[in-house]
Amino acid sequence: MAMQMAEEQAMEGRWYAALAELDALGTQHDEVVLARGQILSRIGHEDARDAFRQVKNDPCHRGAAHHGLGILSLREADYAAAEEHLREARMALPNVSQVRNDYGFVLMLLGKDHDAEFELRTALELDDGRSRALENLMLLYLSRGETRPLDDLVREHGADAEMVSRLNDRVDRLEATRLEAQGEIILGQPLDGTADEFELGIPNEGVE
């Protein structure tokens with residue numbers, strides 16, 4: 001019951017109340033530890049990494065834990081670590097759109113465009129076009145000046161001119177973030193393209 005209450009509060013953005021409910025359950029269950037890590041990550045608490053590390057070797061939670069560690073690494077502009085963790089998450093949770101998008105996003109930052117396109121297209125189809133993957137894929141094509149696949153996406157998914165214009169404004173930041181990922185510059189605020197969805201246990205729900 002407390003876990004359900006924590007999930008409802010988290011979905012409403014009541015992160016601290018959700019943590020309180022989880023605290024009442026103790027830390028003996030890996031599911032609770034993972035949920036705490038996800039919420040702590042959302043509020044920027046430094047203990048999130050410890051929570052993810054605690055459960056990353058558990059077969060049931062390995063994918064979600066590595067996903068959390070990958071997001072933390074991205075925020076810290078540690079792109080090599082982000083790629084490693086998100087690759088592990090992708091291997092454990094291959095049918096979760098959120099994971100495929102975030103892995104594709106970091107690959108795009110590292111200039112691995114072919115692999116990034118594959119991951120982002122997979123994420124897009126898994127989520128039926130209703131995700132950050134559409135924006136990331138469009139941004140990838142814009143950065144490469146590929147108009148035909150971009151036009152196909154606009155037609156297939158109903159992206160409007162305003163969205164294309166907004167993404168055009170992000171191309172320069174993508175290029176700057178790519179330079180940072182290659183160690184050439186340091187940005188104060190790198191480009192963010194990770195998925196926005198949140199629910200306790202996600203991205204675990206992709207596992208049968």
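Residues numbered from 1 in each chain as written. Predicted model: local features only at pLDDT ≥ 70, side-chain atom pairs only at ≥ 80, totals over all residues. Heavy atoms only, no water.

### Things to note about the overall build of the chain
- Looking only at helices and strands, one finds 12 helices and zero strands in the chain.
- Starting at the N terminus, the α and β elements of the chain follow one another as α-α-α-α-α-α-α-α-α-α-α-α.
- In the chain, buried positions account for 50% of the 208 residues.
- As displayed, the chain has an accessible area near 10,600 Å², and 45% of this comes from carbon and sulfur atoms. (Helix = DSSP H or I, 4+ residues; strand = E, 2+ residues; numbered from the N terminus. Buried < 20%, exposed > 50% of the residue type's maximum accessible area, 1.4 Å probe, protein only. Areas by Shrake-Rupley, 256 points an atom, 1.4 Å probe, with all protein chains shown as cover.)

### Things to note about the packing of helix H4 (residues 48–55) against helix H5 (residues 62–75)
- One way to put it is that H4 packs onto H5 with a least axis distance of 8 Å and a crossing angle of 150°. For the element pair H4 / H5, the angle class is roughly antiparallel. In the crossing of H4 with H5, the sense of the turn from one axis to the other is left-handed. Residues Ala48, Arg49, Phe52, Arg53 and Val55 of H4 touch H5, and the partners they reach there are Arg62, Ala65, Gly68, Leu69, Leu72 and Ser73.
- Taken together, the residues of the contact of H4 with H5 sort by class into six nonpolar, two polar and three charged. (Axes fitted to C-alpha atoms, helices over the stretch in contact; angles between N-to-C directions. Parallel < 35°, antiparallel > 145°, perpendicular 65-115°, else oblique. Left-handed = near helix turned anticlockwise from the far one by under 90°. Contact = heavy atoms within 4.5 Å. Nonpolar A, V, L, I, M, F, W, Y, C, P; charged D, E, K, R; others polar.)

### Describing the nonpolar core
- Counting residues in hydrophobic clusters, the biggest one holds 32 residues, and the most contacted among them are Leu74, Met108, Leu137, Met138 and Leu153.
- Among the elements that make up this core, the one with the highest residue count is helix H9 (residues 132–144) (eight residues).
- Aside from chain neighbours lying at most four places away, what touches leucine 153 is Arg121, Leu124, Leu134, Leu137, Met138, Tyr141 and Gly158.
- With 21 residues, the next largest nonpolar core counts Met3, Leu19, Ala35 and Ala51 among its residues. (Core = buried A, V, L, I, M, F, W, Y, C linked by side-chain atoms within 4.5 Å.)

### Here we look at helix H6 (residues 79–92)
- For H6, built from 14 residues, the straight-helix expectation of 20 Å at 1.5 Å per residue is met to within 8% by its first-to-last C-alpha distance of 20 Å.
- Of all the residues in H6, the buried ones are Tyr79, Ala81, Ala82, Glu83, His85, Leu86 and Ala89.
- Its buried side turned inward, H6 meets H5, helix H7 (97–109) and helix H12 (171–181). (Expected span 1.5 Å × (residues − 1).)

### What to know about the pattern of salt bridges
- For the structure on display, the rule yields 16 salt bridges.
- Two residues, arginine 144 and aspartate 113, come together in a salt bridge whose shortest N-O distance is 3.8 Å. Here arginine 144, found in helix H9, pairs with aspartate 113, found in helix H8 (residues 113–126); they are 31 residues apart in sequence, far enough to count as distant.
- Between arginine 166 and glutamate 135 there is a salt bridge, with the nearest N and O atoms lying 3.5 Å from each other. Of the two residues, arginine 166 sits in helix H11 (residues 161–168) while glutamate 135 sits in helix H9, which places them 31 residues apart along the sequence.
- Overlapping salt bridges bring together Asp113, Glu117, Arg144, Glu146, Glu175 and Arg178 as one network. (Salt bridge = Lys/Arg side-chain N within 4 Å of Asp/Glu carboxyl O.)

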